[in-house]
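# Breakdown of the fold
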Amino acid sequence: MACSCCGKKLNIGMIHKIDPTTGQKFKSCPHCSDANEKEHVFHPYPASFGKTPARKTARNPDGYQSYCYDCRSLKKGQISHVYQNGRVCGSFK
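Residues numbered from 1 in each chain as written. Predicted model: local features only at pLDDT ≥ 70, side-chain atom pairs only at ≥ 80, totals over all residues. Heavy atoms only, no water.

## Things to note about the sheet that holds strand β3 (residues 41–44)
Taken together, 4 strands build an open sheet; the order of strands is β1-β2-β3-β4 and the sheet is antiparallel. On the outer flanks of this sheet lie β1 (16–18) and β4 (87–88), each paired with one strand and no other. One ladder, built from 3 bridges, connects β1 with strand β2 (residues 25–28); its direction is antiparallel. Its bridge partner being in β2, H16 is matched across the sheet by K27. (Pairing = 2+ DSSP bridges. Helix = DSSP H or I, 4+ residues; strand = E, 2+ residues; numbered from the N terminus.)

Shown next as C-alpha coordinates:
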(Lines give C-alpha, C1' and ligand atoms only; values in the text may rest on other atoms or scores of the structure.)
Protein backbone atom coordinates (compact mmCIF):
# COMPACT_ATOMS: atom_id res chain seq x y z
CA MET A 1 0.00 0.00 0.00
CA ALA A 2 1.26 3.50 -0.81
CA CYS A 3 1.15 6.68 1.26
CA SER A 4 -1.59 9.04 0.03
CA CYS A 5 0.75 11.98 0.72
CA CYS A 6 4.16 11.04 -0.72
CA GLY A 7 3.31 7.92 -2.75
CA LYS A 8 6.04 5.75 -1.16
CA LYS A 9 5.26 2.34 0.29
CA LEU A 10 3.94 2.41 3.85
CA ASN A 11 6.14 -0.51 4.89
CA ILE A 12 9.37 1.46 4.29
CA GLY A 13 10.79 2.60 7.63
CA MET A 14 13.79 4.75 6.76
CA ILE A 15 11.89 7.82 5.61
CA HIS A 16 12.98 10.94 7.51
CA LYS A 17 11.32 14.33 7.91
CA ILE A 18 12.29 17.48 9.78
CA ASP A 19 9.82 19.84 11.41
CA PRO A 20 10.64 23.18 9.74
CA THR A 21 9.60 25.16 12.82
CA THR A 22 11.49 23.27 15.54
CA GLY A 23 14.18 21.40 13.59
CA GLN A 24 13.10 18.15 15.33
CA LYS A 25 13.89 15.05 13.25
CA PHE A 26 11.27 12.34 12.67
CA LYS A 27 11.37 8.83 11.17
CA SER A 28 8.51 6.72 9.93
CA CYS A 29 7.59 3.46 11.64
CA PRO A 30 6.37 0.93 9.06
CA HIS A 31 4.17 -0.88 11.59
CA CYS A 32 2.44 2.33 12.70
CA SER A 33 2.09 3.39 9.05
CA ASP A 34 0.45 0.06 8.15
CA ALA A 35 -1.99 0.49 11.05
CA ASN A 36 -2.87 3.99 9.82
CA GLU A 37 -3.45 2.58 6.30
CA LYS A 38 -3.34 6.00 4.60
CA GLU A 39 -0.14 7.92 5.35
CA HIS A 40 3.25 7.30 6.89
CA VAL A 41 3.30 7.78 10.66
CA PHE A 42 6.39 9.50 12.08
CA HIS A 43 7.86 9.54 15.58
CA PRO A 44 10.71 11.64 17.02
CA TYR A 45 14.07 10.42 15.79
CA PRO A 46 16.23 9.04 17.28
CA ALA A 47 14.37 9.15 20.66
CA SER A 48 11.59 6.74 19.62
CA PHE A 49 13.90 4.19 17.97
CA GLY A 50 16.62 2.01 19.42
CA LYS A 51 19.94 0.91 17.93
CA THR A 52 21.43 -2.50 17.29
CA PRO A 53 24.64 -3.58 15.54
CA ALA A 54 22.55 -6.09 13.58
CA ARG A 55 20.81 -3.23 11.72
CA LYS A 56 24.01 -1.46 10.58
CA THR A 57 24.18 -0.97 6.81
CA ALA A 58 25.56 1.60 4.39
CA ARG A 59 22.19 3.42 4.46
CA ASN A 60 21.84 2.99 8.25
CA PRO A 61 25.40 3.27 9.63
CA ASP A 62 24.24 3.85 13.21
CA GLY A 63 22.02 0.75 13.25
CA TYR A 64 18.72 2.37 14.17
CA GLN A 65 15.74 0.05 14.41
CA SER A 66 13.03 0.26 11.78
CA TYR A 67 10.07 -0.02 14.16
CA CYS A 68 9.46 2.40 17.04
CA TYR A 69 9.96 1.16 20.62
CA ASP A 70 6.24 0.59 21.15
CA CYS A 71 5.77 -1.50 18.01
CA ARG A 72 8.82 -3.66 18.73
CA SER A 73 7.23 -4.67 22.04
CA LEU A 74 4.07 -5.97 20.35
CA LYS A 75 3.46 -9.66 19.77
CA LYS A 76 3.74 -10.88 16.18
CA GLY A 77 0.59 -10.00 14.24
CA GLN A 78 -0.63 -7.47 16.80
CA ILE A 79 -1.69 -4.16 15.24
CA SER A 80 -0.04 -0.94 16.42
CA HIS A 81 -2.07 0.97 18.97
CA VAL A 82 0.34 3.90 19.20
CA TYR A 83 0.15 5.09 15.60
CA GLN A 84 -2.31 7.79 16.67
CA ASN A 85 0.46 9.34 18.81
CA GLY A 86 2.65 10.02 15.78
CA ARG A 87 2.58 12.65 13.06
CA VAL A 88 1.30 11.78 9.61
CA CYS A 89 3.24 12.52 6.44
CA GLY A 90 0.99 15.38 5.36
CA SER A 91 1.60 17.30 8.58
CA PHE A 92 5.14 18.20 7.49
CA LYS A 93 4.08 20.41 4.58
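## What about the pairing of β3?
As defined by bridge partners, β2 adjoins β3 across 3 bridges and the pair is classed as antiparallel. In the sheet register, S28 faces β3, and the bridge partner there is F42. As paired elements, β3 and β4 share 2 bridges and run antiparallel to each other. Bridged to F42 within β4 is R87.

## A few points about the side chain of D19
Mapped onto the elements of the fold, D19 is located in the loop between β1 and β2. For D19, a relative accessible area of 12% translates into the label buried. In this structure, D19 is in contact with Q24, F26, R87 and F92, ignoring residues within four places of it in sequence. (Buried < 20%, exposed > 50% of the residue type's maximum accessible area, 1.4 Å probe, protein only. Contact = heavy atoms within 4.5 Å.)

## Observations regarding the pattern of salt bridges
Throughout the structure, instances matching the rule amount to 1 salt bridge. Of the charged contacts, one joins R87 and D19 as a salt bridge, the two residues approaching to 2.6 Å between their closest N and O atoms. With R87 in strand β4 and D19 in the loop between β1 and β2, this residue pair connects regions lying 68 residues apart in the sequence. (Salt bridge = Lys/Arg side-chain N within 4 Å of Asp/Glu carboxyl O.)

## So, the packing of aromatic side chains
In this structure the tally under the stated criterion is 4 aromatic pairs. Measuring from centroid to centroid gives 5.2 Å for F26 and F92, while their planes differ by 65°, and the two rings are edge-to-face. Here the residue F26 occupies a position in strand β2, and F92 occupies one in the segment after β4, the gap between them amounting to 66 residues. Judged by relative accessible area, F26 falls into the buried class, the value being 8%. Take F92: its relative accessible area is 11%, and that puts it in the buried class. A ring pair is formed by F42 and F92, whose centres lie 5.2 Å apart and whose planes are at 70°; its orientation type is edge-to-face. Highlighted residues: F42 in strand β3 and F92 in the segment after β4, separated in sequence by 50 residues. Clustering of aromatic rings is evident, with ring pairs tying together F26, F42 and F92. Over the aromatic face of F26 sits the side chain of R87, whose NZ or CZ is 5.1 Å from the ring centroid. If you follow R87 out to its NZ or CZ, it ends over the ring of F92, 4.1 Å from the centre. (Phe/Tyr/Trp six-rings, centres within 6.5 Å; stacked < 30°, edge-to-face > 60°. Lys NZ or Arg CZ within 6 Å of the ring centre and 35° of its normal.)

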